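For reference, the chains in residue letters:
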Amino acid sequence: NAGVTQTPKFQVLKTGQSMTLQCAQDMNHNSMYWYRQDPGMGLRLIYYSASEGTTDKGEVPNGYNVSRLNKREFSLRLESAAPSQTSVYFCASRAGQGANTGELFFGEGSRLTVL
Amino acid sequence: AQSVTQLDSQVPVFEEAPVELRCNYSSSVSVYLFWYVQYPNQGLQLLLKYLSGSTLVKGINGFEAEFNKSQTSFHLRKPSVHISDTAEYFCAVISRGNAGNMLTFGGGTRLMVKP
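What you are looking at is a predicted structure, and each value in this text was computed from that prediction instead of being measured.

Parameters at a glance
- Every residue gets a number counted from 1 within its own chain, in the order that chain's sequence is written.
- Going through the entries in the order they are written, you letter the chains from A and number the ligands from 1.
- Restriction of local features to residues with pLDDT of at least 70 applies here, the model being predicted, together with a cutoff of 80 or more for giving and counting side-chain atom pairs; totals for whole chains, interfaces and linings are based on all residues.
- To get the side-chain values, all heavy atoms of the structure are used, and hydrogens and water are removed first.
- Runs of E in the DSSP output that reach at least two residues are strands. Runs of H or I that reach at least four are helices, and both are numbered from the N terminus.
- For this analysis, a polar contact is any N or O atom pair within 3.5 Å, provided that within protein one partner can donate a hydrogen and the other can accept it, and provided that sequence-adjacent residues contribute only side-chain to side-chain pairs.
- Paired rings are identified among Phe, Tyr and Trp, the last through its six-membered ring, by centres lying within 6.5 Å, and are further divided according to the angle between planes into stacked (under 30 degrees), edge-to-face (over 60) and tilted (the rest).
- The classification of residues rests on relative accessible area computed with a 1.4 Å probe and restricted to protein chains. Under 20% of the type maximum is buried, over 50% is exposed, and intermediate values are partly exposed.

So, the side chain of Ser110 of chain A
- Tracing the backbone through its elements, the reader meets Ser110 of chain A in strand β11 (residues 110–114).
- A polar side-chain atom of Ser110 of chain A sits 3.1 Å from a polar atom in the side chain of Gln6 of chain A.

Following this line, the structure appears as structure tokens:
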């Protein structure tokens, strides 16, 4: 039972390079999320997708784009990486629709360093 | 808007001692409350949640938390910790009836259990 799978687990980029973080879930969940985790700041929501075909901005969307490719997959793209985007990125998913009762299932994270 | 404050960034404690991790929240409406745990190099997993009913909530691994509406707190407790409890703990909140998907996390508390 894989749950939420993220790739790659580690990546080093130079400023200005682009890359895509991949996320897939096998739990048939409707909602998917991308968070970034920075020391002392907890997790901050970048983008989310309430259902296949929809995406919405979260708290810190600048510099990122997302694609909900199908119900299973939700990718995060950095078009021109900046050092401020050095962080650990987490993908998460949630069953159900409507009011959010908060139980998210997380991947193991992708550690990104931008030089 | 909602926010979460975890008052301690680090809590060192000896094995078999009791521990309390503090969490205060702010919201203009009623809320659901959560504690998530992140073991080293892993994603977050749900420890316990308060949706309604009894204000004392029991979670996995012997943890419990008490919802105090008047003090807007949701402190996490364990009467006797183990080395394996060493992890980072995140308090989180979401407003009731929020059909959106914005789960707000606190900054995290690193619990360090010493032998």
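Quick look at the packing of aromatic side chains
- By the definition in use, this model includes 12 aromatic pairs over all chains.
- For the ring pair Tyr35 of chain A and Phe106 of chain A, a centre distance of 6.0 Å and an interplane angle of 45 degrees mean the geometry is tilted. One end of the pair, Tyr35 of chain A, is in strand β4 (residues 31–38); the other, Phe106 of chain A, is in strand β10 (residues 105–106), and 71 residues separate them in sequence. Taken individually, Tyr35 of chain A and Phe106 of chain A each receive the classification buried, so the pair is uniform in this respect.
- Ring geometry for Phe106 of chain A versus Phe105 of chain B: centroids 6.3 Å apart, planes at 75 degrees, classification edge-to-face. In this pair, Phe106 of chain A is assigned in strand β10 and Phe105 of chain B in strand β11 (residues 104–105), connecting two distinct chains.
- What makes Phe106 of chain A buried here is its relative accessible area of 11%.

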